[in-house]
Amino acid sequence: MQVFLQTLVGGLSLGAVYALVALGFALVYRTMGLVNFAHADVLMIGAYVASTFTMSEHLPFAVAVVAAMVITGLIGLVIERMLRPLEGKDFDLMLIGTIGFGIVLEALATLIWGATGRAVPSPVDTPPLHLLGASIPTYDLVVVGVAIVAMIALTLFLERTRRGIAMQAVAMDYDAASAAGINVGRSNAIAFSIGAGLAALAGALVGPLLYVSPSMGGSIGIDGFAAAILGGFGSIPGAVIGGVVIGLLSSFSAGHFHGYSDLVTFLVFAVLVMIRPTGLFGERTVSRA
Amino acid sequence: MSLLNHRLARPGAYTVLLVIAWFVPYSVGSYEMHILDTALVYAVLAVGQGLVMGIAGQINLAQVAFLGVGAYTTAILTTHNHLGFWAAAVLAVLASALIGLIVGLPALRVQSHYLGIVTLGLSLAFLNWVTNASIAGSGSGIPGIPVPPLGSVDLSSDYLYYYLELVVFTLGLAFGLFVVRTRLGRRLRAMRDDSLAAGSLGASIPVLRMTSFLLAGVYGGVAGVLYAGLIRFVAPETFSTSNMFLLLAMVVIGGRQSLWGCVVGALVLSIVQNELTDLSTYSQLGYGSVVVLMVVFLPTGLAGVPSQLLRLRRHSTGGTSLTLGQFQPYDAAATTSAGEGVLLDLDGVTMRFKGLTALDQVSLTVHEGEIRGIVGPNGSGKTTLFNVISGLYHASGGTVRFGGTRIVGMRPNRLAHLGMARTFQNLRLFRNLTVREHLLTALDRTPTRWAWRYVLWPFGVQHGEKFLRAEAEQLLDRFGLAPFADAIPYSLPYGIQRRVELARAMSAHPRLLLLDEPAAGLNGAEKAQLAEIVGSIRDSGTTVVIIEHDMSLVMSLCGRVTVLAAGQVIADGLPTEVAANPQVIEAYLGRAAQNTPTVEDEPAALGSEEHA
């Protein structure tokens, strides 16, 4: 029971992070029909920036996180601007382009912060809570709380603001939206930078849970993508549910399969995609390709 | 004369390249030799990646894992099972071919981005296994792979190993180029550009996708064996995601759609990367940036530069003339089968998309030798009807018989082999194939699994190619397309593109030809030519079903006309009968118009629909 409860909470906090990654993927995919392969590297940059601000500059964690989100948001804008000539034309080339950006970001991180990586101390130093005999790190609860707030904020933005509604319109019908006078390019740019900001938030949150290194993005990126697919790509609530499911799956499979948990997770993911390419919880797929 | 020059130029250039490659070791130091040996391994690997991604259009991000399967299998079998190197090598290539097929399985269900991420995930799964399994050295790698024995040749020397690699690489590249330039490669490229149209021409898309992953696996395995024999030590880092992206950069920078481009990219980037070992992060930064710039400004890579320069030069000299040649009518069939047998028979066909009923109990009989018109307002289900007949959609209810065979549920490629061909409303031509290649692809009627001959009897493939080319020349002449044989259709005027699509559909001389708005976008003269061509096609023994909005064309061409409205057949009969049918007029013009029509207005009113 203790072990189960601890694994459960660990899985939930990891799931909250995956949900944020999945949201970033989904937001960009909804508006542009593009899977951003640099997403995981943007996450890694976010983790480094946030941890640098807290560890070297001794800024409060919250300030560091916001700074990381702003910086990666700008990176998102640059990526979108560079690849804009390809928008709506060649999705495979855009995909390769985002991989190119991923390579660049990884190289930049290695040049700035070195190749070895760093362990990030937990920003919360209150003692763990004790519940039914299990000890639950307070930081795990912080992660879940921050993720929930971010998701609510994103939903309100998309549903309640003019800009958010315009972005939804672009997602539904590119041509009609641009005929209605919506600046599609700007809408895409905003989607891309919000997606990058979400990745940075996920990176900043996951830093103290894992180990921050230039290549940390790889498996988090794919897990986050798996979460997005599981939730029916492009659906926001689906991405959240998918994130939690993948988080629990990898948390429990780490308990059962130890070193082989990645192997199991990726094989399950591949089989899942083959059985239900449209996801388990949604049929909504935007396909403009 | 220039043809003769061209014929001699190619083998000449190959010979020069081989001679240079042969004498390279005489002028380089031992360190450079080792770098060059490594570069050749990547060149073999890149040919495989070029085939699967550039030629077949499958986003495969597991190619470096195939290299790993080849290398690790060789290592485990030689050190753990004490097998001889060459026996281990054969098994290693088989293993990575098998893994290639397994990794390719998701391609049957998903494409593009999804496929990219799934293959990347599977390659991470492989990496996870080799870093944990004790048989694979638990992450610290496997040392002590024996030197490959080869008679009295000492292959522990990097200089001599180079020649072994050179032979393997040359064979691998030659086979790759052979595939690309013959029927399998044309089909793969057609599938890459438009899998729907390729399927409608008779290619089995699942078989093609698996074939491309099989090829990728084999090339990866061969490269892996060469790697194991060269380095004689394997460790997980070599097969990491960043090396996969390096390989991707090689292929994109060199030009993914050209195998030569892939090879050049691999050699250059591999040498640069190894020369700059101390500055490898900077070189990573460099090639990452180059990839971004390439996709935006030079998507065809370095390999695309010569043809772009050529196009610029041709542009400045005025270019070629852009008028279609004369159509040469077909010989009339010996016996006119008009009105005899039933060729196509639809009975109560219904097609539902979730809540929407696009076709509702459609019944329709087309006799052999007929030209049948299908008309109806926009959204009445005409194209859906074609999609059901040609196998793109699986009807929700009812039966379709083609020449007496029930065909509901058959894939488009099966139907193509049964003698059905179609064109598409919005032209589905292959973006990167020339006009001649379009016809060569369509002329190829062999089943896709025929590709095994590439391995067992390549001379047969080469021989068959001659016949295909002769047929293609005839077809080019017949449809007046000879002047544009080597042009990319999308660079040609719209009327010519329509003609190319028609010629492509007629390549296999089908029993039934489905034309979806063939006159859309054509000018008056072109429409007259179209009427003449369709007439000749019918006279040659092909039955034609035509969807068209231009009523004067329908009236003059079709023996019978079927009218669809809101997914139902509302009229069926001779053109004049149909045009006078009050229900038809109502469907086109709404109820209000029914009260005021005069007989003379009807055809004109229907004719105006073409611009709706």
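Residues numbered from 1 in each chain as written. Chains lettered and ligands numbered in written order. Predicted model: local features only at pLDDT ≥ 70, side-chain atom pairs only at ≥ 80, totals over all residues. Heavy atoms only, no water.

**Q** How would you explain the overall build of chain A if you had to name every residue and give the values?
**A** Each helix and strand in chain A was counted, giving 11 helices and 4 strands. Its C-alpha atoms give chain A a radius of gyration of 18 Å, near enough to 19 Å, the size a compact globule of 289 residues would have. Structurally, chain A occupies a C-alpha span of about 60 × 45 × 35 Å along its principal axes. Out of the 289 residues in chain A, the part that is buried amounts to 55%. Considering only contacts within chain A whose residues lie at least 6 apart along the sequence, 75% involve residues at least 24 apart. A total accessible area of about 11,600 Å² is found for chain A, and carbon and sulfur atoms account for 68% of it. When the 12 positive and 15 negative side-chain charges of chain A are each reduced to one mean point, those points stand 12 Å apart. (Helix = DSSP H or I, 4+ residues; strand = E, 2+ residues; numbered from the N terminus. Rg over C-alpha atoms; globule rule 2.2 N^0.38 Å. Buried < 20%, exposed > 50% of the residue type's maximum accessible area, 1.4 Å probe, protein only. Contact = heavy atoms within 4.5 Å. Areas by Shrake-Rupley, 256 points an atom, 1.4 Å probe, with all protein chains shown as cover. Lys, Arg positive; Asp, Glu negative; His and termini not counted. Charge placed at Lys NZ, Arg CZ, Asp CG, Glu CD.)

**Q** Outline helix H2 (residues 30-55) of chain B, listing residues and values.
**A** All names here are of chain B. Helix length check: H2 (26 residues) gives 36 Å between terminal C-alpha atoms against 38 Å at 1.5 Å per residue, within 8%. Of all bends in H2, the biggest is about 30°, found at glutamine 49. Across the 26 residues of H2, 22 count as buried, placing the element largely inside the fold. Positive phi appears at glycine 57, one or two residues downstream of H2, with a value of about 70°. (Expected span 1.5 Å × (residues − 1). Bend = angle between axes of the 7 residues up to and from the residue.)

**Q** Go over the sheet that holds strand S8 (residues 543-547) of chain B, please, and point to the residues and values.
**A** Residue and element names in this part refer to chain B. Reading across from one edge, S6-S7-S8-S3-S9-S10 is the order of the 6 strands in this open sheet, with mixed pairing throughout. Taken across any chain shown, the strands that pair with only one partner, and hence form the sheet edges, are strand S6 (420-422) and strand S10 (568-573). Direction aside, neighbouring strands of the sheet carry axes that sit 15° apart on average. Two strands pair when backbone bridges link them, and strand S3 (residues 371-375) and strand S9 (residues 560-565) are joined in this way by 4 bridges, in the parallel orientation. What sits directly across from arginine 372, in S9, is arginine 560. (Pairing = 2+ DSSP bridges. Axes fitted to C-alpha atoms, helices over the stretch in contact; angles between N-to-C directions.)

**Q** Can you break down the UniProt feature "transmembrane region" (unreviewed entry) in chain A residue by residue, with the values?
**A** Residue and element names in this part refer to chain A. According to UniProt, the "transmembrane region" (unreviewed entry) feature falls on residues 6-27, 59-79, 91-116, 136-158, 190-212, 224-251 and 257-275. Counted over residues 91-116, helix gives 88% and strand 0%. Its end C-alpha atoms are 34 Å apart. Annotated as residues 257-275, this span is 84% helix and 0% strand, and its ends, taken at the C-alpha atoms, are 23 Å apart. (UniProt positions renumbered as here; feature names shortened; annotations may be inferred.)

**Q** Please provide a residue-by-residue account of the packing of aromatic side chains, values included.
**A** Taken as a whole and assessed by the stated rule, the structure comprises 20 aromatic pairs over all chains. Taking 5.4 Å as the distance between ring centres and 90° as the angle between the ring planes, the aromatic pair formed by phenylalanine 25 of chain A and phenylalanine 225 of chain A counts as edge-to-face. Within this pair, whereas phenylalanine 25 of chain A is found in helix H1 (residues 2-32), its partner phenylalanine 225 of chain A is found in helix H9 (residues 217-230), the two being separated by 200 residues in sequence. Three or more aromatic residues joined by ring pairs make a cluster, and in this case those are Phe25, Phe225 and Phe269 of chain A together with Tyr114 of chain B. Here the basic side chain of arginine 478 of chain B rests over the ring of tyrosine 330 of chain B, its NZ or CZ set 4.2 Å away from the ring centre. The ring of phenylalanine 430 of chain B has arginine 504 of chain B sitting right over it, with the charged end atom 4.9 Å from the ring centre. (Phe/Tyr/Trp six-rings, centres within 6.5 Å; stacked < 30°, edge-to-face > 60°. Lys NZ or Arg CZ within 6 Å of the ring centre and 35° of its normal.)

**Q** With reference to specific residues and values, describe the interface of chain B and chain A.
**A** Across the contact, 42 residues belong to chain B and 48 residues belong to chain A. Three residues stand out in chain B for area buried against chain A, namely His113, Tyr114 and Ile117 of chain B, and they jointly supply 20% of the buried area on that side. On inspection of chain B and its partner chain A, the count reaches 0 salt bridges. The interface formed by chain B and chain A contains 5 residue pairs in polar contact (both at pLDDT 80 or more). Sorting the residues of the side of chain B that touches chain A by element identifies helix H5 (112-132), helix H10 (241-254) and helix H12 (280-297) of chain B as the ones contributing at least two each. Among the elements that make up the side of chain B that touches chain A, the one with the highest residue count is H5 of chain B (14 residues). Considering only residue class, the side of chain B that touches chain A consists of 27 nonpolar, 12 polar and 3 charged. (Buried area = accessible area lost by both parts, 1.4 Å probe. Salt bridge = Lys/Arg side-chain N within 4 Å of Asp/Glu carboxyl O. Polar contact = N/O pair within 3.5 Å; in protein donor to acceptor, adjacent residues only side chain to side chain. Nonpolar A, V, L, I, M, F, W, Y, C, P; charged D, E, K, R; others polar.)

**Q** Tell me about a nonpolar patch on the surface, and please be specific about residues and values.
**A** Taken together, Leu108, Leu111 and Ile112 of chain A together with Val264, Val268, Val272, Leu276, Leu279, Tyr282 and Leu302 of chain B make up a surface patch of nonpolar side chains, about 820 Å² in accessible area. Counting residues per element, the ones that place at least two in the nonpolar patch are helix H4 (91-113) of chain A together with helix H11 (259-275) of chain B. (Patch = residues over 30% accessible without salt bridge, like charges linked within 9 Å, V, L, I, M, F, W, Y side chains within 5 Å.)

**Q** Give me the lowdown on the packing of helix H3 (residues 63-79) of chain B against helix H4 (residues 85-104) of chain B, citing residues and values where you can.
**A** Residues and elements named next belong to chain B. At their nearest, the axes of H3 and H4 sit 8 Å apart, and the two run at 145° to each other. The handedness of the crossing between H3 and H4 is right-handed. Contact residues: H3 offers Phe66, Val69, Gly70, Thr73, Thr74, Leu77 and Thr78, while H4 offers Phe85, Ala88, Leu91, Ala92, Ala95, Ser96, Ile99, Gly100 and Val103. Classifying every residue of the contact of H3 with H4 by side-chain character gives 10 nonpolar, 6 polar and no charged. (Left-handed = near helix turned anticlockwise from the far one by under 90°.)

**Q** Outline helix H3 (residues 61-83) of chain A, listing residues and values.
**A** The first and last C-alpha atoms of H3 of chain A sit 33 Å apart over 23 residues, in line with the 33 Å expected at 1.5 Å per residue. Residues Ala64, Val65, Ala68, Thr72, Gly73, Gly76, Ile79, Glu80 and Leu83 of chain A constitute the buried set of H3 of chain A. Buried-residue contacts for H3 of chain A involve H1, helix H2 (39-55), H4 and helix H8 (184-206) of chain A together with H12 of chain B.

**Q** Explain the domain arrangement of chain B to me, and be specific about the residues and the numbers.
**A** Interface extent is often summarised as the accessible area lost during association of the parts. Residues and elements named next belong to chain B. Considered domain by domain, chain B is made up of domain 1 (29-244) and domain 2 (342-601). Taking only C-alpha atoms into account, the centre of domain 1 sits 42 Å from that of domain 2. Contacts between domain 1 and domain 2 engage 25 residues on the former and 34 residues on the latter. With both chains or domains summed, domain 1 and domain 2 bury close to 2,700 Å², and 59% of this area falls on carbon and sulfur atoms. Looking at the side of domain 1 facing domain 2, the largest losses of area belong to Arg183, Arg186 and Leu201, adding up to 30% of the total buried there. Put simply, glutamate 437 and arginine 189 hold a salt bridge, and the shortest N to O gap is 2.8 Å. (Domains from an automatic or database assignment.)

**Q** Describe the confidence of the model for chain B, naming the residues involved and giving the relevant values.
**A** Mean pLDDT over chain B stands at 86; residues scoring 70 or higher make up 92%. Confidence drops under a pLDDT of 50 for residues 596-612 of chain B, and excluding neighbours within four residues, the segment shows 19 contacts in the predicted structure. (pLDDT = per-residue confidence, 0-100.)

**Q** Can you explain the sheet that holds strand S5 (residues 405-406) of chain B? Please cite residues and give values.
**A** Residue and element names in this part refer to chain B. Spatial ordering of the open sheet is given by S2-S1-S4-S5, a layout of 4 strands whose pairing is antiparallel. Each having just a single partner strand, strand S2 (356-367) and S5 make up the two edges of the open sheet. Where strand S4 (residues 397-402) and S5 come together, 2 bridges link them in antiparallel fashion. Along S5, the bridge assignment pairs arginine 401 with arginine 406.

**Q** I'd like a rundown of the pattern of salt bridges, residues and numbers included.
**A** Residue and element names in this part refer to chain B. According to the stated counting rule, one finds 16 salt bridges over all chains in the structure shown. The closest approach of N and O atoms between arginine 436 and glutamate 473, which form a salt bridge, is 2.9 Å. Placement of the pair is arginine 436 in helix H16 (residues 435-443) and glutamate 473 in helix H18 (residues 458-478), with a sequence separation of 37 residues. The closest approach of N and O atoms between aspartate 486 and arginine 436, which form a salt bridge, is 2.6 Å. Taken as a pair, aspartate 486 in the loop between H18 and helix H19 (494-506) and arginine 436 in helix H16 lie far apart in primary sequence, 50 residues in all. What makes arginine 436 buried here is its relative accessible area of 17%. Overlapping salt bridges, with partners in common, bring together Glu370, Arg372, Arg560 and Asp572 in one network.

**Q** Which residues make up the packing of H3 of chain B against H5 of chain B, and what are the values?
**A** All names here are of chain B. Look at H3 against H5: their axes get within 10 Å of each other, and the N-to-C directions meet at 25°. One finds that H3 runs roughly parallel with respect to H5. H3 and H5 meet at a crossing whose hand is left-handed. The segment H3 lies against H5, with Ala65, Gly68, Val69, Tyr72 and Ile76 engaging Ser123, Phe126, Trp129 and Val130. A class-by-class count of the residues in the contact of H3 with H5 yields 7 nonpolar, 2 polar and no charged. (Parallel < 35°, antiparallel > 145°, perpendicular 65-115°, else oblique.)

**Q** I'd like a description of the nonpolar core, backed by residues and values.
**A** Nonpolar side chains in soluble globular proteins generally cluster together in the buried interior. With 191 residues, the main nonpolar core has Leu20, Phe225, Phe233 and Phe269 of chain A together with Phe239 of chain B as its most contacted residues. Taken domain by domain, this core gets at least three of its residues from each of domain 1 (29-244) and domain 2 (342-601) of chain B. Excluding residues within four positions of it along the chain, phenylalanine 239 of chain B makes contact with Val64, Leu67, Gly68, Ala71, Tyr72, Phe126, Leu127 and Tyr227 of chain B. (Core = buried A, V, L, I, M, F, W, Y, C linked by side-chain atoms within 4.5 Å.)

**Q** Lay out the environment of glycine 218 of chain A in plain terms, naming residues and giving numbers.
**A** Inspection of the secondary structure assignment puts glycine 218 of chain A in helix H9. For the pair formed by glycine 218 of chain A and valine 49 of chain A, sequence separation is 169 residues and the distance between their alpha carbons is 18 Å.

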